[in-house]
Amino acid sequence: MAQQGWAELYGWQLDRRSRTPLSRQLYMQVRAGVLAGALAPGTKLPSSRAMAMRLKLARASVVAAYEQLLAEGYIEGRAGSGTYVSNDLAGRIARPSRLRIVRKARPLPGAAQAFAEFAQSTAQADVRPFNTGRTLVDARTVDVWRKLTHRAARSLGPDDLGYTDPCGLIALRRSICDYLRTARAVRCEPEQIVVTGGTQHAIDIAIRVLLAPGDEVWVEDPGYFMTHRQLLLANMRLRPVAVDAQGIRIEAGLRAAPKARAAFVTPSHQFPTGVQLSMARRLELLAWARESGAYVVEDDYVSEFRYSGPPLASLQGLDEDERVIYVGTLNKALFPGLRLGYAVVPHALLPAFVSARYLLDRQPPSLYQAVAAEFLAEGHFAAHIRRMRALYREQRDALTQTLIRRAGGHLQVDVPDQGMHLIAYLKNGASDMQIEEEAKRAGIVLRAMSRFYRRAEPRPALMLGFSGFPRTLIVPAAAKLAAIVAAAVPRKRVSRPAARNR
Ligand SMILES: Cc1ncc(COP(=O)(O)O)c(C=O)c1O
């Protein structure tokens, strides 16, 4: 594709003290730029008139240089369009090798190595069932979103195009505040809402303002690997606290690390098990935070999608002492590419939180904030959640039913009443890691639960995302997975008559 315009920005220079004729200098400069890859094939060169004016050179000298380059095949003329770096050279110019040499010669800094090791885990772009964290967006939402985007783009004023409030657009913060008060029983004022790029971003800021390197921190075990990683990369000391059917075991945390400075928890839908933190444990957690001066970071990532029973109130709503930073996201309720989320920040922490945000990336992007603000204020968000809830419930049921019908003897499927994934526990001693590998070979993406444990004894299970895939994809993929699970059961445990009955 023609790369218009870039050559206008090239640092053309002539050395008038040199004995090399100016026309020759220009020729050599274009040639060197082409051979070094700085002037890529297809790049449009300035016209001879523009080049002559820019370099204060006789036009005939430019024409002479261009003719020489033309004769040697470096550039080509296109009738009525101009002069371009020759497209015939595409793919033939060797890439400069300097970068490779530098990379080999010097070891990476320790921090760069630690981040790079995590790179292979950044796989959420995989579109195959049953990858987690994926969402569907129906035609209605696409249509409304498109219209609101056009409208917002048309009405962006000079204020929106400059530096804006690092906390986010006030209209959006008001809507988020109303939503959180009503749907999640969060105690908040619009001033406490800081619009972020999502959960990751909010947790990063929380780590910066709450903790110093070396601080002890409670994390759930099993728990959310992204948060664990963020904490480890910030040099915190992780204190994994076991999770049971009532959520994180506060008494175990108190025994292991009573002086921890913070706890990072998912009380409404524990990641990955899906259990809810019981009321007794909620109160114990808040009492510990109050008495020890610690903070709790509540990641409420998926409460929008609740399939039965009344919506659960947030932990933050029970907090009388402002010890909880509540973190939510629109990236799951709408779509991950949106990159908008929010934190509800205790008043005392607000100045630090906002400053940290400002230092990291200044502010959220104006356009998508404006679109999201309208989307919420006009009631489209509530309607979208209602439609998606029904859709995701159907997808959950399709996955559950297929797994139970085809591999019920080998799996105990936990049917979640909330969220975007389910957990199927392996009953017959099969290895979840082995099934993960085999499923991958068959084109199915799943996560072995063993991966999420740090110290607690892993309970082998499969984590399967159902939100991102239509029923028509889920049913055959689940049938294929059921066959893989059945085949993975260790032989000695399968009795002959049972095998024959199948
Ligand atoms: C536990 C948990 N929290 C939060 C998120 C959402 O993160 P973000 O808002 O950065 O996209 C996810 C997504 O997978 C998650 O699993």
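Calculation criteria
Residues numbered from 1 in each chain as written. Predicted model: local features only at pLDDT ≥ 70, side-chain atom pairs only at ≥ 80, totals over all residues. Heavy atoms only, no water. Helix = DSSP H or I, 4+ residues; strand = E, 2+ residues; numbered from the N terminus. Polar contact = N/O pair within 3.5 Å; in protein donor to acceptor, adjacent residues only side chain to side chain. Contact = heavy atoms within 4.5 Å. Buried < 20%, exposed > 50% of the residue type's maximum accessible area, 1.4 Å probe, protein only. Pairing = 2+ DSSP bridges. Axes fitted to C-alpha atoms, helices over the stretch in contact; angles between N-to-C directions. Parallel < 35°, antiparallel > 145°, perpendicular 65-115°, else oblique. Left-handed = near helix turned anticlockwise from the far one by under 90°. pLDDT = per-residue confidence, 0-100. Disulfide = S-S within 2.5 Å. Right-handed = clockwise from strand over helix to strand, strands pointing away.

**Q** Would you explain the side chain of R357 in this entry?
**A** Relative to the elements of secondary structure, R357 occurs in helix α14 (residues 350-361). At a separation of 3.0 Å, a polar atom in the side chain of R357 contacts the main-chain carbonyl oxygen of P166. Sequence-distant contacts of R357, that is, excluding residues within four places in its chain, are made with P166, V194, V195, T196, H201, I205, R362, Q363 and P364.

**Q** In this structure, what is going on with the pairing of strand β13 (residues 421-426)? I would like to understand it.
**A** Within a regular beta strand, the side chains point alternately toward one face of the sheet and then the other, so they alternate between its two faces. Across the six residues that make up β13, a large majority, six, are buried. Taking every second residue as pointing to the same face, both faces of β13 are buried, with H421, I423 and Y425 on one and L422, A424 and L426 on the other. As paired strands, strand β12 (residues 411-414) and β13 are joined by four bridges and run antiparallel to one another. Residue pairing in the sheet places D414 in a bridge with I423 of β13. A loop of six residues connects β12 with β13, the two strands running antiparallel in sequence, and G419 in this loop sits at a positive phi of about 100°.

**Q** What is the right way to read the sheet that holds strand β8 (residues 262-265) from this model?
**A** Hydrogen bonding along the main chain pairs the strands of a sheet, whether they run parallel or antiparallel. With mixed pairing, the eight strands of this open sheet are ordered in space as β4-β11-β10-β9-β8-β5-β6-β7. Where the open sheet ends on each side, the last strands, each with one partner, are β4 (193-196) and β7 (247-248). As judged from the four bridges shared by strand β10 (residues 324-329) and strand β11 (residues 341-344), these two strands associate in the antiparallel manner. Looking at the pairing, T329 lines up with G341 of β11. Contacts from helix α8 (residues 170-184) reach β4, β10 and β11, with the element oriented near 110° to β4.

**Q** Whenever I open this one, the packing of helix α6 (residues 139-155) against helix α16 (residues 380-407) confuses me. Can you help?
**A** For any two helices packed against each other, the geometry is given by the interaxial angle and the distance between the axes. Axis separation between α6 and α16 bottoms out at 10 Å; the angle between their running directions is 160°. Between α6 and α16, the angle falls in the class roughly antiparallel. Of the two possible hands of crossing, α6 and α16 adopt the one that is left-handed. The residues of α16 that touch α6, namely those facing R140, T141, V144 and L148, are H380, H384 and R387.

**Q** I would appreciate a short explanation of the sheet that holds β13 in the present structure.
**A** Pairing is antiparallel across the open sheet formed by four strands, whose spatial order is β12-β13-β15-β14. At either margin of the open sheet sits one strand with a lone partner, and together these are β12 and β14 (447-448).

**Q** Just to check I follow, could you spell out the confidence of the model for the protein chain for this structure?
**A** Detail in the predicted coordinates should be disregarded across regions flagged by low pLDDT. Summary statistics for the protein chain give a mean pLDDT of 93 and a share of 94% for residues scoring 70 or more. Overall, residues 497-502 carries pLDDT values under 50, and its contacts beyond four positions in sequence, including any with other chains, amount to three contacts.

**Q** What exactly am I supposed to notice about the state of the cysteines here?
**A** Two cysteines form a disulfide when their sulfur atoms are joined by a covalent bond. Applying the stated criterion across every chain yields a total of zero disulfides. The cysteine C167 is free of any disulfide, with C177 supplying the nearest cysteine sulfur at 13 Å. On the basis of relative accessible area, C167 is assigned to the buried category, the value being 9%. There is no disulfide at C177, and the cysteine sulfur nearest it, in C188, is 3.4 Å away. Take C177: its relative accessible area is 0%, and that puts it in the buried class.

**Q** Looking at this model, I keep getting lost on the pairing of strand β5 (residues 216-221). Mind explaining?
**A** Judged by how many residues are buried, β5 sits mostly within the fold: six of six residues are covered. Here β5 shows two buried faces, one formed by E216, W218 and E220 and the other by V217, V219 and D221. In this view, the connection linking β5 to its parallel neighbour strand β6 (residues 237-244) by way of helix α10 (residues 225-233) has right-handed handedness. In this structure, β5 lies alongside β8, joined through three bridges in parallel fashion. Residue pairing for β8: V217 is matched across the bridge by A262.

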